[in-house]
Structure formats: structure tokens, C-alpha cells
Amino acid sequence: MKGRIALATIVVAASVGSATAAAPLPLAPHRAAYQISLADDPSGERANSQTPVAASGLIAYEFTGSRCEGYNSNFRQFTELQRSEGAPVSSDIHAITFEDGDAKRMRFQIDSRMEGSDAPAVAGSASRPADSADTTVALNKPDPETMDIGKDVLFPTEHIERIIAQAKQGGGTMQARVYDGSDTGKKVFQTLTVIGREATTPTPESDFADLLGHVRRWPVTVSYFDEKARDAAPEYVLSFDLYENGVSGTLKLDYGAFALTAKLKRFELLPIKACAD
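Residues numbered from 1 in each chain as written. Predicted model: local features only at pLDDT ≥ 70, side-chain atom pairs only at ≥ 80, totals over all residues. Heavy atoms only, no water.

Undergrad: I'd like a description of the packing of aromatic side chains, backed by residues and values.
TA: One pass over the full model with this rule turns up nine aromatic pairs. Pairing phenylalanine 208 with phenylalanine 267 gives two aromatic rings, centres 5.9 Å apart and planes at 75°, and the pair type is edge-to-face. Residue phenylalanine 208 is located in the loop between β11 (189-195) and α2 (209-212), and its partner phenylalanine 267 is located in strand β15 (residues 259-269); the two are separated by 59 residues in the primary sequence. Like phenylalanine 267, phenylalanine 208 is buried. By the ring-pair criterion, three or more aromatic residues cluster together here, those being Phe189, Tyr224, Tyr236, Tyr255 and Phe258. (Phe/Tyr/Trp six-rings, centres within 6.5 Å; stacked < 30°, edge-to-face > 60°. Helix = DSSP H or I, 4+ residues; strand = E, 2+ residues; numbered from the N terminus. Buried < 20%, exposed > 50% of the residue type's maximum accessible area, 1.4 Å probe, protein only.)

Right, dumping it as C-alpha cells:
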């Protein structure tokens, strides 16, 4: 099981109390927690001997910073899957990243622990000196290595900003190459995003209606493909409501053989530091 949610997808605005259609909301510091459960009927048509019959876990996420000082994220996901036979299988992923406000540089450290084996830590940085230049990745862990991953690569926060911009222009589809340092640190995802019409019904995040009820949102589905695996199915498909201020509502993560739901259970805004003139 690839037991993680793409770092690109969980990123909330300072002035949520004064949102207007004419004034786009900036991304702003926040903390969020999502409770994980099994999304599908375990006896459904996708079921097999390895299909989980139950799932539990938690995603904890903290996002701080601003466009002038850069963005920090701290992501932790613990998942436990119970199959019809045998002991539960668990995974624990912890990722810390920094992206500068101009989306020219990113640093990352990712630690993954899976039941029965611990994947080596992945750490390094990615940078591009200009929009037209190749993006260079310099890995420190598990082994020192430098590689170019080509042009037109988006980092996670930049990807979210592009999706929001596309949504405000009417939605539709968007393709993008995305790099977040995950897996071995060498993988680039080819993504296909489908953005639906702006929602007009009350927010489903009713526990946080005072913070999110007046913020524009769109249904979004992002499919993540391994760029090197030609003509393969997506590694996973992520569906969620994306709010104009960047927050992701309750998530559905589909791995093909089964799917998980991550329900937004706790959410708070953190103080924002204004950029100096």
C-alpha cells in the first residue's frame, strides 16, 4: 500500500472573515487534522484477499509562512489497515518541507515506516534559477545524488495555487508535472486535475462553518501518475473540496484496490506575519 496523501493537496487564509470575490485570499498559517476510515464497502466488486475490511488513522498538518518569507509544512499520516486475516498493517509517514514564496526552491525531509520494514529517510532540495530553466534536485539522503528533472515542474504549494487560479477561471481540466520529494526523492508525478463548477450548497464542513461557510469552493479530483510508468493507471486519485483560501475539505484517496476517506475533524487558523513593504 502506498499509504500517504500527496503533500501538494493539503494546504487557509488570513482574512477569512472578509473574503470577497474581487479579493483573492492568500494562503495563510493553519493547523488541520483529518480522521481516516475505509471509504468503500469491503465486500464490493473491487475486493480481493488483500482488500482491507477496516481502516483507521490520522493526518495532522501544519502550514505556516507567507509569500514573502516562504511556506513551511509539517505533515504526519498514520494509517492502520485490517485485512480479513492476519494482524493489522500500519504505516507512518512524516514529511517536513519548505518552499520559497517565488516557487524557485524547496527543501524536504521525509521519513516513512511501514509494517515490517522501514524505508530509508529521503532528504534534499530542489531549485530552478528561472522559470525557463531545468529544475535540479540535490538529494542528501538516502545517498548523495544530483539530477535534473526538466522544465515546467511545480512544487506542492505552487500546484495548489495554480488549481485555485484555474478554478476561478471556470474550472475544467489541468495537467501539471509535480515534484514533492516523496517516494525515493527521484519521482516526478504527471497529474491530471478535474475542477468542477463552484459549489453553491452550504459547506459540508459544518463544524467549521464560521471559518469556511462563506469561502468559495470547488470539487476537485487529482490523479497522480508515475511519469516513468507509461500508459499505467494512476498511483492514486485524490478527491476533495478545495476552498479559495487553499484549505482542503474532507478527502477521498483512491488506490484502485480500495479507497480511504480522511474527514476534517480539527481546524484552526494561526497568526499570520504581514510582509514588510
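Undergrad: Give a description of the pairing of β11 that names residues and reports values.
TA: Along β11, the buried face is formed by Phe189, Thr191, Thr193 and Ile195; none of Gln190, Leu192 and Val194, which line the opposite face, is buried. With seven bridges joining them, strand β10 (residues 172-178) and β11 adopt antiparallel strand pairing. Following the sheet pairing, glutamine 175 is matched in β11 by leucine 192. As paired strands, β11 and strand β12 (residues 217-226) are joined by seven bridges and run antiparallel to one another. Of the residues in β12, the one forming a bridge with leucine 192 is serine 223. (Pairing = 2+ DSSP bridges.)

Undergrad: Quick rundown of the environment of aspartate 207? Include the residues and the values.
TA: With respect to the secondary-structure elements, aspartate 207 resides in the loop between β11 and α2. Remark: the alpha-carbon pair of aspartate 207 and arginine 266, spanning 59 residues in sequence, is separated by 8.6 Å.

Undergrad: How would you explain the pattern of salt bridges if you had to name every residue and give the values?
TA: Taken as a whole, this structure holds 15 salt bridges when the rule is applied. Where aspartate 134 meets lysine 151, a salt bridge forms, and the shortest distance between an N and an O atom there is 3.1 Å. Placement of aspartate 134 in the loop between β6 (117-127) and β7 (136-141) and of lysine 151 in the loop between β8 (145-148) and β9 (153-154) is noted, with a sequence separation of 17 residues between them. (Salt bridge = Lys/Arg side-chain N within 4 Å of Asp/Glu carboxyl O.)

Undergrad: So, helix α1 (residues 156-168): which residues are in play, and what are the values?
TA: Helix length check: α1 (13 residues) gives 19 Å between terminal C-alpha atoms against 18 Å at 1.5 Å per residue, within 8%. Of all the residues in α1, the buried ones are Pro156, Thr157, Glu158, His159, Ile160, Ile163, Ile164 and Ala167. One or two steps after α1, the chain reaches glycine 170, where phi turns positive at roughly 115°. (Expected span 1.5 Å × (residues − 1).)

Undergrad: Lay out the environment of valine 247 with the relevant residues and their values.
TA: Mapped onto the elements of the fold, valine 247 is located in the loop between β13 (236-243) and β14 (248-254). The exposure class of valine 247 is buried, given its relative accessible area of 1%. Sequence separation between valine 247 and leucine 212 is 35 residues, and the spatial gap between their C-alpha atoms is 8.9 Å.

Undergrad: Let's hear about unusual backbone geometry: which residues, and what values?
TA: Working note: non-glycine residues mostly have negative phi, and peptide bonds are mostly trans. Put simply, lysine 141 and proline 142 share a cis peptide bond, and its omega is 0°. When you line up the elements, proline 142 lands in the loop between β7 and β8. Located in the positive-phi region is alanine 103, a residue other than glycine, with phi close to 60°. Secondary-structure assignment places alanine 103 in the loop between β4 (89-99) and β5 (105-114). Accessibility expressed as a relative area gives 11% for alanine 103, which makes it buried.

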